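# Structural characterization, general
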Amino acid sequence: MAISVRFPDGSWRDVPSELRHVDPTTTGVASRFCNIPVNCDPQWRYLCMAGVWHARPRHGKLAILTPTVEDWWNGITAMADTPASSDRAAHSPRAA
């Protein structure tokens, strides 16, 4: 599903959207679902002003796109690309 969003250059573009549940008791909206743009674009974030969706430039990074922990296999020596330094000393090359 797509929704029309106004961009800073004045153009209207269709962006991916989703239906979200709206609580009618807290918002006073008669409908139970609202069509909302998916905030997954790394360049734009979407804000609703007076019932119209507007795109604004995003500053910084999306937190979900940056790794927070190192890869799980880095701690396993058998899966390393190169042998550990202690392994090199223990297994010196044989003399010819």
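The rules behind the values
Residues numbered from 1 in each chain as written. Predicted model: local features only at pLDDT ≥ 70, side-chain atom pairs only at ≥ 80, totals over all residues. Heavy atoms only, no water. Helix = DSSP H or I, 4+ residues; strand = E, 2+ residues; numbered from the N terminus. Buried < 20%, exposed > 50% of the residue type's maximum accessible area, 1.4 Å probe, protein only. Contact = heavy atoms within 4.5 Å. Areas by Shrake-Rupley, 256 points an atom, 1.4 Å probe, with all protein chains shown as cover. Pairing = 2+ DSSP bridges. Core = buried A, V, L, I, M, F, W, Y, C linked by side-chain atoms within 4.5 Å. Phe/Tyr/Trp six-rings, centres within 6.5 Å; stacked < 30°, edge-to-face > 60°. Lys NZ or Arg CZ within 6 Å of the ring centre and 35° of its normal.

To continue, consider the overall build of the chain. Along the backbone of the chain there are two helices and five strands. Out of the 96 residues belonging to the chain, those deemed buried represent 15%. Residue pairs in contact within the chain that sit at least 24 positions apart in sequence constitute 22% of those at least 6 positions apart. Total accessible area on the chain is roughly 7900 Å²; 57% of this is exposed by carbon and sulfur atoms.

Across the two faces of strand β1 (residues 2-6) the burial differs, with Ile 3 and Val 5 buried and Ala 2, Ser 4 and Arg 6 not buried at all. Between β1 and the antiparallel strand that follows it, strand β2 (residues 12-21), lie five residues; Gly 10 among them carries a positive phi value of about 95°.

Glancing now at the nonpolar core. One finds Ile 3, Val 5, Phe 7, Val 15, Ile 36, Trp 44, Tyr 46, Trp 53 and Ala 55 forming the largest nonpolar core, which totals nine residues. For this core, the secondary-structure elements that each account for two or more residues are β1, β4 (44-49) and β5 (52-57). Those residues in contact with Ile 3, other than ones at most four positions away along the chain, are Arg 13, Asp 14, Val 15, Ser 17, Asn 35, Pro 37 and Trp 53.

On to unusual backbone geometry. Negative phi characterises most residues that are not glycine, and trans characterises most peptide bonds. The phi torsion at Ala 50 lies on the positive side, around 55°, for a residue other than glycine. Considering the arrangement of structural elements, one finds Ala 50 in the loop between β4 and β5.

Below, the discussion takes up the environment of Ala 55. Within the fold, Ala 55 resides in strand β5. Each C-alpha atom, one on Ala 55 and one on Pro 8, is 6.7 Å from the other, the two residues being 47 residues apart in sequence. Beyond its immediate stretch of four places on either side in the chain, Ala 55 contacts Val 5, Arg 6, Phe 7, Pro 8, Trp 44, Arg 45 and Tyr 46.

What follows covers the packing of aromatic side chains. Applying the stated criterion across every chain yields a total of one aromatic pair. Between Phe 7 and Trp 44 the ring centres are 5.1 Å apart and the planes differ by 90°, which places this aromatic pair in the edge-to-face class. Of this pair, Phe 7 sits in the loop between β1 and β2 while Trp 44 sits in strand β4, and the two are 37 residues apart along the sequence. The ring of Phe 7 has Arg 13 sitting right over it, with the charged end atom 4.0 Å from the ring centre.

Fair warning: the whole summary comes from geometry, so function is off the table for now.
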